[in-house]
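Fold and geometry: a report
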Amino acid sequence: MSDSISRRKLLTGAAATAGAALATTARADDPAITEVQPWNQELGDGVDVAPYGVPSEFEADVVRRNVPWLTADATSSINFTPIHALEGIITPNGLCFERHHSGVALVDPAEHRLMINGLVDTPLVFTVDEIKRFPRENRIYFLECAANGGMEWRGAQLNGCQFTHGMIHCVQYTGVPLKHILAEAGVKTAGKWILPEGADASGMTRSIPLEKALEDCMVAFAMNGEALRPEQGYPLRLVVPGWEGNMWVKWLRRIEVGDMPWHHREETSKYTDLMSNGKARRFTWEMDVKSVITNPSPQAPITHESGHTVLSGLAWSGRGTIKRVDVSLDGGTNWTTARLDGPSHPKALHRFYHEFNWDGGPLLLQSRAIDSEGHVQPTKDALRAVRGTESIYHNNSIQTWHVREGGEVENVEVG
Ligand code: MTE
Ligand code: CO
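Summary of the structure given here. Predicted, not measured: the structure shown is a model, and the values here were computed from it.

**Things to note about the site of ligand 1**
As a structural note, the neighbourhood of ligand 1 is formed by 22 residues, with Phe 97, His 101, Asp 200, Arg 237 and Lys 250 the closest of them. Here an oxygen atom of ligand 1 sits 2.7 Å away from a polar atom, N or O, in the main chain of His 101. When isolated, ligand 1 has an accessible area of 530 Å², and the protein chains bury 100% of it. Looking at side-chain class alone, the shell around ligand 1 contains eight nonpolar, eight polar and six charged residues.

**Regarding the sheet that holds strand β5 (residues 124-127)**
Ordered by their spatial adjacency, five strands build an open sheet running β5-β4-β13-β8-β9, and the pairing between neighbours is mixed. If you trace the sheet from one side to the other, it starts and ends with β5 and β9 (208-209), each paired once. Pairing geometry for strand β8 (residues 193-198) and strand β13 (residues 252-258), over six bridges, is antiparallel. Opposite Glu 197, over in β13, you have Arg 254 as the bridge partner. Contacts between helix α4 (residues 178-185) and the sheet are confined to β4 (113-118), β5, β8 and β13, with β5 contributing the most and set at about 135° to the helix.

**Things to note about the packing of aromatic side chains**
This model, assessed by the stated rule, comprises nine aromatic pairs. Ring geometry for Tyr 173 against Trp 248: centres 5.7 Å apart, planes inclined by 50°, an arrangement best described as tilted. Of this pair, Tyr 173 sits in strand β7 (residues 168-177) while Trp 248 sits in the loop between β12 (237-239) and β13, and the two are 75 residues apart along the sequence. The same class applies to Tyr 173 as to Trp 248, namely buried. Among the aromatic residues, those joined into a cluster by ring pairs are Trp 193, Trp 243, Phe 283 and Trp 285. The aromatic ring of Phe 283 is capped on one face by Arg 282, whose charged end is 4.9 Å from the ring centroid.

Scoring rules and cut-offs
Residues numbered from 1 in each chain as written. Chains lettered and ligands numbered in written order. Predicted model: local features only at pLDDT ≥ 70, side-chain atom pairs only at ≥ 80, totals over all residues. Heavy atoms only, no water. Near = heavy atom within 4 Å. Polar contact = N/O pair within 3.5 Å; in protein donor to acceptor, adjacent residues only side chain to side chain. Areas by Shrake-Rupley, 256 points an atom, 1.4 Å probe, with all protein chains shown as cover. Nonpolar A, V, L, I, M, F, W, Y, C, P; charged D, E, K, R; others polar. Pairing = 2+ DSSP bridges. Helix = DSSP H or I, 4+ residues; strand = E, 2+ residues; numbered from the N terminus. Contact = heavy atoms within 4.5 Å. Axes fitted to C-alpha atoms, helices over the stretch in contact; angles between N-to-C directions. Phe/Tyr/Trp six-rings, centres within 6.5 Å; stacked < 30°, edge-to-face > 60°. Buried < 20%, exposed > 50% of the residue type's maximum accessible area, 1.4 Å probe, protein only. Lys NZ or Arg CZ within 6 Å of the ring centre and 35° of its normal.

Below you can see the structure in the form of structure tokens.
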């Protein structure tokens, strides 16, 4: 479903500024006003119906979804966060995308241990309760799979930001800074790397420099105020702020300290970037500055005919905060600075808005984020010039949505 559109052929459908009065569509004889609705006449459910609350049945479409051709089987699977249907910067726990290499491990916390071994003075084994006796911190971070956008290298393919950008979530973690746990074991002078290991059947391992481990890594046991969900690594997961999702080992059972990287499967055959010269780039840990317009987008078309329109999106960088987001309504010819709203935490999602007066005509929507280190999100062509088209991971290029007359939206590339 690849589509290429020339920006020169496109007449811009946006008036320069918002300002016109917001026209309402409700009429005086609207039954929603004139009739007494059933929920206004009958008793509702009592508090015993949902001891653990669930969303309104009218929100049943807001779910994680997968791409059938991408998912070989149920246990080796990926689904995507419905970012087109979410607000603010926090992802609700039940909507956080999942990536499992061997399915969801169902771990009994009473039988779970975290071992610290290798180049340490005292190898240690902790129960989950013992981990909770270290000083705790609460931190908001995004987690992005390195493969987010991986299907879009050669052209526009998936129709929805849930699928093109939904391998991301952002929650508040509660956990223990890893430096406290490592200090308890005493890292030997020769110790320069750590190897976290998962308790699931994939036995996920990744080499992480000790410097990063001591800087801001956490062993988390809660997300958004409640225990981690089984899908997110209950009862313990490693948090590696700003770095690719694969390193955030779930169901964390062991951390080995070593003097060199281990060169395991997930850092050799996978999670390396094939460049245009045929060589593979390794250890590309940090997630680059990136943004996407979540509304309007293919799954969230414009449903009014014209007038006041709210454009909304997400921006993030593994290197810090987001300094600025620019949006274009005409495929990158003209840019306006969007309005950032909400908290700005380093290595977390940021929310941006641009309110404009839509004349009902076609648009080519783009967003371009700039982070606190001055990195600018590249166009697809600029990224391909450096990286070629054989890559899977670390695609942080600018996304284009084509809004058609009538409000339908599709994934395109401008050329
Ligand atoms: N940890 C273990 N033990 N097993 C796994 O399969 N998948 C990794 C990482 N940690 C994985 C794991 C990958 S590739 C990603 S992108 C993230 O977990 C996904 O985290 P999530 O399921 O919370 O979204
Ligand atoms: Co991943």
